[in-house]
Amino acid sequence: MFEFDPTRPKWHQIAEVVRRRIHSGEYPARHLVSEVQLENEFGVTRTTVRKATAALREEGLITTTPGMGSFVREPNPG
């Protein structure tokens, strides 16, 4: 299981991990970023995962469609 830094919010650390996965290509464009999978992987509540995905959405890295989920956005050209 993931070892959290106790001096930083868990949601922030989860967002960093997902951000790295997006930038490395491990999560390519249109990849589903599953809240349930992240909950299980990190052993946190859905609320914590939602804070992380909200931060990634604000950065423009993912987009969320109600009823469908959150997906990695296509990279901006240029």
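Residues numbered from 1 in each chain as written. Predicted model: local features only at pLDDT ≥ 70, side-chain atom pairs only at ≥ 80, totals over all residues. Heavy atoms only, no water.

Glancing now at the side chain of Glu39. Along the chain, Glu39 falls in helix α2 (residues 35-42). Once you skip the residues sitting within four places of it in the chain, Glu39 turns out to touch Val44, Thr45, Arg46 and Val49. (Helix = DSSP H or I, 4+ residues; strand = E, 2+ residues; numbered from the N terminus. Contact = heavy atoms within 4.5 Å.)

Negative phi values dominate among residues other than glycine, just as trans dominates among peptide bonds. Residue Arg30 is not a glycine yet carries a positive backbone phi of 75°. Positionally, Arg30 belongs in the loop between α1 (10-24) and β1 (32-33). Judged by its relative accessible area of 61%, Arg30 falls in the exposed class. (Buried < 20%, exposed > 50% of the residue type's maximum accessible area, 1.4 Å probe, protein only.)

This paragraph deals with the pairing of strand β3 (residues 69-72). If a strand is regular, its side chains alternate between the two faces of the sheet. By the alternation rule, side chains of β3 split into Ser70 and Val72, which are all buried, and Gly69 and Phe71, of which none is buried. With two bridges joining them, β1 and β3 adopt antiparallel strand pairing. Looking across to β3, one finds that Leu32 is bridged to Phe71. In this sheet, β3 lies alongside strand β2 (residues 62-65) in antiparallel orientation, the contact comprising four bridges. Bridge pairing links Thr65 to Gly69 in β3. Counting the residues that bridge the hairpin from β2 to β3 gives three residues, and of these Gly67 lies at a positive phi of roughly 85°. (Pairing = 2+ DSSP bridges.)

What follows covers the nonpolar core. Buried together is how nonpolar side chains tend to be arranged in soluble globular proteins. In this structure, Ile14, Val18, Ile22, Tyr27, Val33, Leu38 and Phe42 are the most contacted members of the largest nonpolar core, which totals 17 residues. For this core, the element with the highest residue contribution is α1, accounting for five residues. Those residues in contact with Val33 that sit more than four places away from it in its chain are Val18, Tyr27, Leu38, Ile62, Ser70 and Val72. (Core = buried A, V, L, I, M, F, W, Y, C linked by side-chain atoms within 4.5 Å.)

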